[in-house]
Amino acid sequence: MRIIKEIWEMQTISKQLRQSKKTIGFVPTMGALHPGHMSLIKKARRDCNTVIVSIFVNPLQFGPGEDYEQYPKDMERDCSLAREEGVDLVFAPDHHSFYPQGYSTHVEVGDLGDALCGEARPGHFRGVTTVVAKLFNVVRPNVAYFGQKDYQQSLIIRKMVDELAMDIEIEVLPIVRRRDGLALSSRNAYLDKEQIRTARLLYQSLKKAQELILNGEREISSILSQSREVLEPMVQIDYLSICDYHTLQPLTQLDSGKVLIALAGFVGKTRLIDNILVDIPK
Ligand code: AMP
């Protein structure tokens, strides 16, 4: 497995791979790899000739006062996990070479980036689309893999790829959870034992909402208030929303079909997100 730090070197390799008709599967990450990331890497390994994983903590997607400086980093461990999974190349640029002095080009997708997490984290998704667009230009993948854990992000990436006519297939894979339901996240590393117990409430509250809907409850305010009860006061809710799974706009009534229940909340100082797609039968 090779570790590439320079954009030009990554581009040279990608160009050669493309010319030799190798399919490139790409998994963009911010490192601190866990089995959620590994599920994407495994799928890429199954589907593609060459697997490239990027490890880059993207400063553009962190707001002031967020955890950019503290974000867990362990390049050695990440590389050994990647190697064990049969990754061919790790692209790990440093942020000065990725965004040289004076860097000023951004990619924005509009309204989708303002909903849910975008409301509490203005500019976050502009940072995400900008880094992913640039990574796509450098790595030139045939297929890129994302997790449903960041559902809003995956919608935004799909829209960007579609609207900018990027010739890349986007695959979104299910959320990998601990046995107790907690969604795996690099940020779980910030939590102590007690907080892990609290963090489990996020999934429990989503399951509660799902259960109510599947048992026939159609009153959105009642579903949300019962779901909130699972969280409060232990989790400080940022948002809990039952929304359209394409537009992310809150729903006012429930009909048959898929809906997204999305949640962000603080456990101590750590902001966690989770979501669930519910298919409402006719
Ligand atoms: P991150 O390193 O947090 O930026 O995540 C990199 C990719 O891994 C994103 O596409 C995430 O959605 C995905 N991912 C993170 N956690 C999980 C998880 N628990 N299950 C599945 N995918 C995940």
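Relevant structure appears above.
Residues numbered from 1 in each chain as written. Predicted model: local features only at pLDDT ≥ 70, side-chain atom pairs only at ≥ 80, totals over all residues. Heavy atoms only, no water.

**Points about the pairing of strand 6 (residues 169-173)**
Working note: regular strand, side chains alternate between the two faces of the sheet.
Right, so step 1: Note: strand 5 (residues 143-147) against strand 6, five bridges, orientation parallel. Directly across from Tyr145, in strand 6, lies its bridge partner Glu171. (Pairing = 2+ DSSP bridges. Helix = DSSP H or I, 4+ residues; strand = E, 2+ residues; numbered from the N terminus.)

**Quick look at the sheet that holds strand 3 (residues 50-55)**
Right, so step 1: Spatial ordering of the open sheet is given by 1-4-3-2-5-6, a layout of six strands whose pairing is parallel. Strands with a single pairing partner mark the edges of an open sheet, and in this sheet they are strand 1 (2-4) and strand 6. Adjacent strand axes in the sheet meet at a mean angle of 25° when their direction is disregarded.
Right, so step 2: Examined bridge by bridge, strand 2 (residues 24-29) and strand 5 share two bridges and lie parallel to one another. Bridging from a neighbouring strand, Gly25 pairs with Val143 of strand 5.
Right, so step 3: Sitting on the sheet, helix 7 (residues 151-163) touches strand 5 and strand 6, and the angle it makes with strand 6 is about 170°. (Axes fitted to C-alpha atoms, helices over the stretch in contact; angles between N-to-C directions. Contact = heavy atoms within 4.5 Å.)

**Re the site of the ligand**
Right, so step 1: Taken together, 17 residues are adjacent to the ligand, and Met30, His37, Asp150, Val176 and Leu184 come closest.
Right, so step 2: Between the ligand and Met30 there is a distance of 2.9 Å, counted from an oxygen atom to a backbone nitrogen or oxygen.
Right, so step 3: The separation between an oxygen atom of the ligand and a polar main-chain atom of Gly147 is 2.9 Å.
Right, so step 4: Relative to its unbound accessible surface of 480 Å², the ligand loses 93% to contact with the protein.
Right, so step 5: Those elements that place two or more of their residues in the shell around the ligand are strand 2, helix 2 (35-47) and strand 5.
Right, so step 6: Here the shell around the ligand takes three residues from helix 2, the largest share from any one element.
Right, so step 7: Of the residues that constitute the shell around the ligand, the class distribution is nine nonpolar, six polar and two charged. (Near = heavy atom within 4 Å. Polar contact = N/O pair within 3.5 Å; in protein donor to acceptor, adjacent residues only side chain to side chain. Areas by Shrake-Rupley, 256 points an atom, 1.4 Å probe, with all protein chains shown as cover. Nonpolar A, V, L, I, M, F, W, Y, C, P; charged D, E, K, R; others polar.)

**Quick word on the sheet that holds strand 8 (residues 257-267)**
What holds strands together in a sheet is hydrogen bonding between their backbones, with the strands either parallel or antiparallel.
Right, so step 1: The three strands lie next to each other as 7-8-9, forming an open sheet whose pairing is antiparallel. Among the strands making up the open sheet, the edge pair consists of strand 7 (236-243) and strand 9 (270-280). Direction aside, neighbouring strands of the sheet carry axes that sit 10° apart on average.
Right, so step 2: Contacts from helix 8 (residues 193-214) reach strand 7, strand 8 and strand 9 within the one sheet, and its direction differs from that of strand 9 by about 20°.

**Focus on the nonpolar core**
Right, so step 1: With 46 residues, the main nonpolar core has Met10, Ile52, Phe91, Phe136 and Met160 as its most contacted residues.
Right, so step 2: Those elements that provide at least two residues to this core are helix 1 (7-19), strand 2, strand 4 (89-91), helix 6 (124-139), strand 5, helix 7, strand 7 and strand 8.
Right, so step 3: Among the elements that take part in this core, helix 6 stands out by supplying nine residues, more than any other.
Right, so step 4: The next biggest cluster of nonpolar side chains, apart from the first, holds 28 residues, and it includes Ala199, Ile223, Leu254 and Ile261. (Core = buried A, V, L, I, M, F, W, Y, C linked by side-chain atoms within 4.5 Å. Buried < 20%, exposed > 50% of the residue type's maximum accessible area, 1.4 Å probe, protein only.)

**A short note on the pairing of strand 8**
Right, so step 1: In terms of residue burial, strand 8 counts as a mostly covered element, since eight of its 11 residues are buried.
Right, so step 2: Two strands pair when backbone bridges link them, and strand 7 and strand 8 are joined in this way by seven bridges, in the antiparallel orientation. The residue bridging Tyr239 from the neighbouring strand is Ala264, located in strand 8.
Right, so step 3: Relative to strand 9, strand 8 is paired through 11 bridges, and the arrangement is antiparallel. Counted as the bridge partner of Lys258 is Asp279 from strand 9.
Right, so step 4: Counting the residues in the hairpin turn of strand 8 and strand 9 gives two residues, including Gly268, whose phi is positive at 60°.

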